[in-house]
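Descriptive analysis of the structure
So you can see what is in the structure, the chains are spelled out below.
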Amino acid sequence: MVDLDNSSFRLEATNLTLAFGSNLIQRDVSFAVRPRSIFAVMGGSGCGKSTLLKAMIGLLRPVSGTLVVDGEDYWSTSEERRTEIGRRFGVLFQSGALWSSMTVSENVALPLRLFTRLDDAAICELVELKLALVGLAGSGHKMPSELSGGMRKRAGLARALALDPEILFFDEPSAGLDPISSNRLDELILELSGGLGATVVIVTHELPSLFAICDDGVFLDAEAKSAIAHGSPRQLRDSCGDPTVRAFMERGRATAAREGGGRVH
Amino acid sequence: MSSISLHPPHWIISAAGSERVLCLGGDWIAQDTGVRSPADVAGIVEQVGSGVLRVDCDRVGRWDSALVAFLRLLHERARIAKEIQVDDAAVPPAARQLLALASTGTAAPRGEPRQSRKPVASLVGEAALGAHGEICRVTALVGETVLRGLAAVAGRTRTRWQDVLQLMREAGAGALLIAAICNGLVGAILAFVGAVQFRRFGAGIYVADLVGIAVVREMAAVMTAIVMAGRTGGAYAAHIATMQGNEEIDALKTFGIPPFDFLVLPRILALVTMMPLLYLYGCAIGLLGGYVVGVATLDLTSSAFLVELRNAVAGREFAIGLVKSIAFGGLVALAGCHLGLRAGRSAADVGRAATSAVVAGIIGIIALDAVFAACTNALGI
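Residues numbered from 1 in each chain as written. Chains lettered and ligands numbered in written order. Predicted model: local features only at pLDDT ≥ 70, side-chain atom pairs only at ≥ 80, totals over all residues. Heavy atoms only, no water.

1. Some thoughts on the side chain of Arg 159 of chain A
With respect to the secondary-structure elements, Arg 159 of chain A resides in helix 5 (residues 149-160). Although buried, Arg 159 of chain A forms no salt bridge, and the nearest oppositely charged side chain, Glu 248 of chain B, lies 6.9 Å from it. If sequence neighbours within four positions are ignored, Arg 159 of chain A has contacts with Gly 96, Ala 97, Leu 98, Trp 99, Asn 107 and Val 108 of chain A together with Ala 251 and Phe 255 of chain B. (Helix = DSSP H or I, 4+ residues; strand = E, 2+ residues; numbered from the N terminus. Buried < 20%, exposed > 50% of the residue type's maximum accessible area, 1.4 Å probe, protein only. Lys, Arg positive; Asp, Glu negative; His and termini not counted. Salt bridge = Lys/Arg side-chain N within 4 Å of Asp/Glu carboxyl O. Contact = heavy atoms within 4.5 Å.)

Here it is, written out as structure tokens:
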């Protein structure tokens, strides 16, 4: 069970229920994210991981339950206050979601221009730094459509880092990347979060990423429509009693074995 | 096509002790020898009646999905008939494997419509509720536009003026040629129509009045707005809908940048400023078109036409046209942005958003023009 001590958590969800209209996605999801941890939201495709992320970054109001961010109830404050809290967040969307009518540099610069009082030279300097951090130094003049999938994600990450966020959210960072790029992105996430002292919430079903970087997490199940396990991916793999979780963590080996044994050849 | 001759699929049903044997032969290639129909399979099931049916594929030559589809249908029919057990131990192992894959999961009932028809009352009710919701949303949007527009002019929004300038350039300068063509031709057509009629009773000079009043009061504003609805309104809807699908709008929201300030307001401001300018430009070109046709087809001197034109068109006509064009600009931009923001996330949704933005824009322009006509008539101007 999760230890519930308000003061020591960055982000705390209690009995969150999410739905699109009458279509229930997840029910009574509770978890807590410790400061500076890398927290995984795990689960099979279509179980509502990304929907849960939407609720955490203010895009989808939960039907019920509370989400407390640094001691403040995120969804019951005013919209202005929610926006202010949200400015401490950095979000990397699944496709990068770069603003396609602006260059990479302008993408990273826009939040700085809108929300800081920095002058152009300072903004330019910061943009160069963020792009260099993600390995895109010198690519700032390119348009998003000229970048490869991996570069687009890294550019999206640079933009997510623009305002030096305290909590970073990643939606399927390795989706659509080859193993080497996805591994490099994992390392980048690890180094950046360490360097910035940020807390990371990462939505993924990629086992290598989960084991490599996450130290805590919650497992959502599509059939139960709820969280069925809490803990780090390694812990869940080694000692979780739930067969669904174990099958997932062992990459379906258990189920494959079961089905294989039953099939007539 | 392969040059090897294929034998059409055929089968014989024979009895072997207590069981029946379905002996298949020929080449079962879907593209060349076709797929067996359910009627064929039903015939087999009927002929067998009951008991065990062994499928023998020894004489089958080449096969592909056609064979698998046939066997699947056979299994299905046999299951429905309940009295037949199909034994397919002699089916090629690969086909059996595919058959096993295809039979996992629940089979959807064939031939039945997926949705039952709704009663008319509920369709009408849903349409009415939809229309009500849409009216509320549009009203809220107009209100928001006015409030945020004032705030933007006062410099209190996240609107970037460089975006507004860029959009003005695209909407304004980019439309010069097409607006000129449309308005020039409309002016010319009006002059032709007028010339034919007025010449009959020797009042050719009044072509200038006709062209002047029609172009300045109505046609320049309406034609320019329709051009802009097709050109810019559709583009706004498609652009914003694509951003929606690409999560760009979500990215704006998470940064706390209101999509309204950042996307909608610049577009409305751009069109509301550019439309009156394009209207004046459209007036000039439309009058020029009328002038050329008038002078060329009627025996009018150029100066007589111009003097008549100046007498006919007062400042009031221009004022009405300008007010209209401002309203049309706001309408076209609002329709485009609103439908773009409301669009779903698929490629088809982008197309639908663009189409409906153009349609809504054009219908809205004509309806609004009718309202203007009624109002000016009531006011006697």
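2. Some remarks on the sheet that holds strand 3 (residues 38-42) of chain A
All names here are of chain A. Here six strands make up an open sheet; going across it, the order is 6-7-8-3-9-10 and the pairing mixed. Each edge of the open sheet carries a strand with a single partner, namely strand 6 (89-92) and strand 10 (226-230). Neighbour-to-neighbour, the strand axes of the sheet open up by a mean angle of 20°, direction not taken into account. In this structure, strand 3 lies alongside strand 9 (residues 216-221), joined through four bridges in parallel fashion. Within the sheet, the bridge partner assigned to Ala 40 lies in strand 9 and is Gly 217. This element, helix 6 (residues 179-196), spans strand 3, strand 7 (167-171) and strand 8 (199-203) of the sheet and lies at about 155° to strand 8. (Pairing = 2+ DSSP bridges. Axes fitted to C-alpha atoms, helices over the stretch in contact; angles between N-to-C directions.)

3. Here's the deal with the interface of chain A and chain B
Facing 24 residues of chain A, the contacting portion of chain B comprises 16 residues. In this assembly, chain A packs against chain B so that about 1,800 Å² is buried in total across both faces, 63% of it on carbon and sulfur atoms. Summed over the shared surface of chain A and chain B, the result is zero salt bridges. If you look at where chain A meets chain B, you find five residue pairs in polar contact (both at pLDDT 80 or more). (Buried area = accessible area lost by both parts, 1.4 Å probe. Polar contact = N/O pair within 3.5 Å; in protein donor to acceptor, adjacent residues only side chain to side chain.)

4. Regarding a nonpolar patch on the surface
Together, Leu 177, Ile 181, Leu 185, Ile 189, Phe 192 and Val 193 of chain B line one region of the surface with nonpolar side chains, adding up to about 610 Å² of accessible area. Checked against the element boundaries, Val 193 of chain B lands in helix 7 (residues 176-200). (Patch = residues over 30% accessible without salt bridge, like charges linked within 9 Å, V, L, I, M, F, W, Y side chains within 5 Å. Areas by Shrake-Rupley, 256 points an atom, 1.4 Å probe, with all protein chains shown as cover.)

5. Comments concerning the packing of helix 5 (residues 120-153) of chain B against helix 10 (residues 259-297) of chain B
All names here are of chain B. Two elements in contact, helix 5 and helix 10, have axes whose closest approach is 10 Å; the angle formed by their N-to-C orientations is 85°. Between helix 5 and helix 10, the angle falls in the class roughly perpendicular. Each of Leu 141, Glu 144, Thr 145, Arg 148, Gly 149 and Ala 152 in helix 5 lies in contact with helix 10, whose residues at this interface are Phe 260, Asp 261, Leu 265, Ile 268 and Leu 269. By residue class, the composition of the contact of helix 5 with helix 10 is six nonpolar, two polar and three charged. (Parallel < 35°, antiparallel > 145°, perpendicular 65-115°, else oblique. Nonpolar A, V, L, I, M, F, W, Y, C, P; charged D, E, K, R; others polar.)

6. Observations regarding the pairing of strand 9 of chain A
All names here are of chain A. The buried count for strand 9 comes to six of six residues, which makes it a mostly enclosed element. Strand direction decides the pairing type here: strand 9 and strand 10, joined by four bridges, are antiparallel. The residue of strand 10 that forms the bridge with Phe 219 is Ala 229. What sits between strand 9 and strand 10 in their antiparallel hairpin is a turn of four residues, with Lys 225 showing a positive phi close to 55°.

7. A closer look at the confidence of the model for chain B
With 96% of its residues at a pLDDT of 70 or more, chain B shows a mean pLDDT of 88. Both scores are available for the predicted complex, with the pTM at 0.78 and the ipTM at 0.83. (pLDDT = per-residue confidence, 0-100.)

8. Focus on the layout of surface pockets
By volume, the largest pocket is sized at about 1,300 Å³. Glu 79 of chain A together with Lys 253, Ile 257, Pro 258 and Pro 259 of chain B are, among the 43 residues lining the largest pocket, the residues nearest its centre. For the lining of the largest pocket, the elements supplying multiple residues, two or more each, are helix 2 (79-86) and strand 6 of chain A together with helix 5, helix 9 (248-254), helix 10 and helix 12 (315-342) of chain B. No other element matches helix 2 of chain A, which puts six residues into the lining of the largest pocket. (1 Å grid on protein atoms, 1.4 Å probe; cavity = no way out; pocket = protein on both sides within 12 Å on 5 of 7 lines; lining within 4 Å. Points joined across faces, edges and corners; volume = space filled by probe spheres on them.)

9. What about the pairing of strand 3 (residues 51-63) of chain B?
Residues and elements named next belong to chain B. Across seven bridges, strand 2 (residues 19-28) lies against strand 3 in parallel orientation. Its bridge partner lying in strand 3, Gly 26 is registered against Val 60. Here strand 3 runs beside strand 4 (residues 84-87); their pairing, made up of four bridges, is parallel. The residue bridging Val 52 from the neighbouring strand is Gln 85, located in strand 4. Handedness of the crossover joining strand 3 and strand 4 through helix 3 (residues 65-81) is recorded here as right-handed. (Right-handed = clockwise from strand over helix to strand, strands pointing away.)

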